[in-house]
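Residues per chain, in single letters:
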Amino acid sequence: MSNLQASKAVALGYLMKVSAGNINASHTEGNVMVAKKVTLPDGSSVPYFSGQAQRRMLRDRMEELGFTLSETSALVSGQEVTPPVRPWEFIDEDLFGYLDPSGGRRRTSPVRVSAAVGLFPFQGDRDLGTRSFERFGQTMEAGGNMFETELYANLFKGNMLVELDRIGIFSDLEVGKQKEVPEGAEKIEKNGRQFYILSAAERQRRLQALLEALGLLWGGGRTARMLSDLSPRFLAYARLKVKHPVFLEALQARFVEGSFYLNPDPLLGALEKFKNYQETVIFGLESGFFGNEAEIRQQLQDYGPVYTVHGAIAKAKEDLGKL
Amino acid sequence: MNVLWVKVAAPVASFRRPLDHNYQRTLLLPPPTTLLGLAGAALGLSEGELWHKGPPLQGLLVAALALQKPGGARDMWTVMKIKNNKITERSPYFRELLFFARYMLLYGGPTDLLEALQAAFTDPVYPLSLGREDELIILEDMGLERAVAGEARFFGTVIPGDLRQLDFRWLPRPGIIFEPPVVEVLPLGFELDQRGMRHPVGATPFTFLPFDLEVEVPGQKEVFTLEALEGRSFTWMNSPSLANRMSPSWST
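Our subject in this report is the structure included herewith. Values in this document were obtained by computation on a predicted structure and should not be read as measured data.

## Quick look at the overall build of chain B
Working step 1: In terms of helices and strands, chain B carries four helices and 17 strands.
Working step 2: For a compact globule of 252 residues, the expected C-alpha radius of gyration is about 18 Å, and chain B comes in at 18 Å, within 12% of that figure.
Working step 3: Along the three orthogonal principal directions, the C-alpha set of chain B runs to about 60 × 45 × 35 Å.
Working step 4: Within chain B, buried positions represent 52% of all 252 residues.
Working step 5: Long-range contacts, defined here as pairs at least 24 residues apart, represent 76% of the contacts in chain B between residues at least 6 apart.
Working step 6: Treating the 24 positive side-chain charges of chain B as one cloud and the 28 negative ones as another, the clouds have centres 9 Å apart.

## Structural notes on unusual backbone geometry
Residues and elements named next belong to chain A.
Working step 1: Here V85, not a glycine, exhibits a phi torsion of approximately 55°, which is positive.
Working step 2: Classification of V85 as buried rests on a relative accessible area of 3%.
Working step 3: In this model, E257 sits at a positive phi of 45°, which is unusual for a non-glycine residue.
Working step 4: Position of E257 among the secondary structure elements: in the loop between β19 (253-256) and β20 (259-262).

## Overview of the packing of helix α1 (residues 51-64) of chain A against helix α4 (residues 200-215) of chain A
Residues and elements named next belong to chain A.
Working step 1: At their nearest, the axes of α1 and α4 sit 9 Å apart, and the two run at 105° to each other. In terms of axis orientation, α1 runs roughly perpendicular to α4. Facing α1, whose interface residues are L58, R61 and M62, α4 presents A209, L210, A213 and L214.
Working step 2: Considering only residue class, the contact of α1 with α4 consists of six nonpolar, no polar and one charged.

## Some thoughts on helix α6 (residues 264-273) of chain A
All names here are of chain A.
Working step 1: Taken residue by residue, α6 has P264, L267, L268, A270 and L271 as its buried positions. The buried residues of α6 occupy an angular sector of 160° when the element is viewed end-on, so they sit on one face.
Working step 2: Buried residues in α6 make contact with β18 (234-240), β20, β21 (278-285) and α7 (293-300).
Working step 3: For α6, the N-terminal capping position is held by N263, with its side-chain oxygen 3.1 Å away from the main-chain nitrogen of D265.

## What about helix α8 (residues 309-320) of chain A?
The α-helix advances 3.6 residues per turn, and as a result positions three or four apart in sequence lie on the same side.
Residue and element names in this part refer to chain A.
Working step 1: Its twelve residues give α8 an end-to-end C-alpha distance of 16 Å, which sits within 8% of 16 Å, the value for a rise of 1.5 Å per residue.
Working step 2: Here α8 has its buried residues at V309, G311, A312, I313, A316, D319 and L320.
Working step 3: Looking at the packing, one finds that the buried side of α8 touches β1 (9-21), α4, β18, β21 and β22 (306-307).

## Focus on the interface of chain B and chain A
Many structure descriptions define interface size as the accessible area lost when the parts assemble.
Working step 1: Facing the 39 residues of chain B at the interface are 51 residues of chain A.
Working step 2: For the pair chain B and chain A, the summed buried area comes to about 3500 Å², and 57% of that belongs to carbon and sulfur atoms.
Working step 3: Where chain B meets chain A, there are five salt bridges.
Working step 4: The residue D123 of chain B makes a salt bridge to K8 of chain A at a minimum N-O spacing of 2.8 Å.

## Thoughts on the pairing of β19 of chain A
All names here are of chain A.
Working step 1: Here four bridges tie β19 to β20, and the two strands are oriented antiparallel to one another. Bridging across to β20, V256 finds its partner in S259.
Working step 2: Turn length for the β19-β20 hairpin, with the two strands adjacent in sequence and antiparallel, is two residues, and the turn residue E257 shows positive phi of about 45°.

## Quick notes on a nonpolar patch on the surface
All names here are of chain B.
Working step 1: A contiguous nonpolar patch, built from F168, W170 and F178 and spanning about 280 Å² of accessible area, is present on the exposed surface.
Working step 2: Within the element layout of this structure, F168 appears in the loop between β9 (158-160) and β10 (169-170).
Working step 3: Judged by relative accessible area, which is 37%, F168 ranks as partly exposed.

## Looking at the nonpolar core
Working step 1: In terms of nonpolar packing, the biggest core is built from 44 residues, with V6, L60, Y103, L105, Y107 and F121 of chain B touching the most fellow members.
Working step 2: Residue assignment for this core shows that the elements contributing at least two residues are β1 (2-13), α1 (32-43), β3 (61-66), β5 (86-108), α3 (111-122), β6 (138-146) and β14 (204-208) of chain B.

Cut-offs used in this document
- Residues numbered from 1 in each chain as written.
- Chains lettered and ligands numbered in written order.
- Predicted model: local features only at pLDDT ≥ 70, side-chain atom pairs only at ≥ 80, totals over all residues.
- Heavy atoms only, no water.
- Helix = DSSP H or I, 4+ residues; strand = E, 2+ residues; numbered from the N terminus.
- Rg over C-alpha atoms; globule rule 2.2 N^0.38 Å.
- Buried < 20%, exposed > 50% of the residue type's maximum accessible area, 1.4 Å probe, protein only.
- Contact = heavy atoms within 4.5 Å.
- Lys, Arg positive; Asp, Glu negative; His and termini not counted.
- Charge placed at Lys NZ, Arg CZ, Asp CG, Glu CD.
- Axes fitted to C-alpha atoms, helices over the stretch in contact; angles between N-to-C directions.
- Parallel < 35°, antiparallel > 145°, perpendicular 65-115°, else oblique.
- Nonpolar A, V, L, I, M, F, W, Y, C, P; charged D, E, K, R; others polar.
- Arc of directions from axis to C-beta.
- Polar contact = N/O pair within 3.5 Å; in protein donor to acceptor, adjacent residues only side chain to side chain.
- Expected span 1.5 Å × (residues − 1).
- Buried area = accessible area lost by both parts, 1.4 Å probe.
- Salt bridge = Lys/Arg side-chain N within 4 Å of Asp/Glu carboxyl O.
- Pairing = 2+ DSSP bridges.
- Patch = residues over 30% accessible without salt bridge, like charges linked within 9 Å, V, L, I, M, F, W, Y side chains within 5 Å.
- Areas by Shrake-Rupley, 256 points an atom, 1.4 Å probe, with all protein chains shown as cover.
- Core = buried A, V, L, I, M, F, W, Y, C linked by side-chain atoms within 4.5 Å.

Okay, here's the thing in structure tokens:
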């Protein structure tokens, strides 16, 4: 058994910068589009965008990479919406799971994406816009409705945990008992259960596509006028023998005189705590982004090589390519 | 009795109150089924195995204590509404979320089961989450310890029963702003039908005490403490003494 076959998960921790945006809006209050925010016990608030929103962006980027996505509401009957349930065919059903209410078939997502939480308080900023009455068949002189959108400048911490031992592997509880073995899959029986397993090459391809999509991340609402590049400015990748999201609480930063400073201590603490379970650790750092770049490089290099973010994603894809 | 304590941090967590629909409030602490589900995820049990009336988790006792006051958010989602076999419109609903919560989760039972659970939390079969599948938790620390009798004083925890019907005394502390306790009737388990759909069983009232609300409940039996709890006490949510309140299908 190769070392890689003992790997059960990949943990990813990353930081995304939004210069002026509202990635994932909540409801409207009057004519104000409210940003999703958390109220802290001291009364202050920080913005966040949901894991679901990130999944949507990742799916969209995968489509651009040439993958065919499933139609989540392929069949509508009564009050039930049934997805295709062909994860061997659709990468998004494989990576992000599904629920088939009619047959009880359900795939819990092997890719867990936590909400991305801002590291700095929300300051109450708003963008003023006008929705012209021209759109409703009137003349430009008729004017328009004013509206406001809450927006923020912030650094968001995101986290992902990928179950390596489930990508491309589908149990009979997830897909039902198949009359024929799906194309490209192999059927095995284990403990009285049936599993359909895609080839190692296809499983690698899907994992690599996930990383590629993360490296290209953008999306969310209001992109027509508030486009934000959400590709990571910092990335920590760890291939693990256990399924723990090691970077979940490990990313902290401060903002001093116009520059972000990554606090390496919680990250080093997490790396030290899970040291015995790590098989490969790779870091990606956008050059010139952090005020303490030299300190970060120096402190992290004892745990794994530090590349550019693009270089780290390439190395991580290479690492998964050995699976 | 030996107790497995598991200290966890949950950047995001939510525990929907069962009857909430368009506005889904969250409980402040994980209910018993969530704690059993977490153990099942660590051990790799399917829903059928987890909620089967016999082993492997039969007799596993659960409790939880909040270690800090969490932040909160009201998250808006949209659901697709179906009319005449077509998805016609989107309908909003709100879900309350807890942010930056930290808990001490407690499990009691036979030592071999607790040891198996401890090993499973170290190397879980499925990732550990409290709430929905994306609401991951990080394990901060864990230990197996013998419980000793504690004082019947509680805060930031869940006690079985409706506080309004218990003999209790509020222990005020200066300078705090506390939320009122929440009483909710919750299941102690689920049964699965032939389609694999879950049906709650063992409906029992529970009182969820917020972090800043401390009460003394002199009549409360089976109160324990651990060194790891640094003077705080707990009581099991699903103690066998609750059995007479459970539905026949669960208790038999």
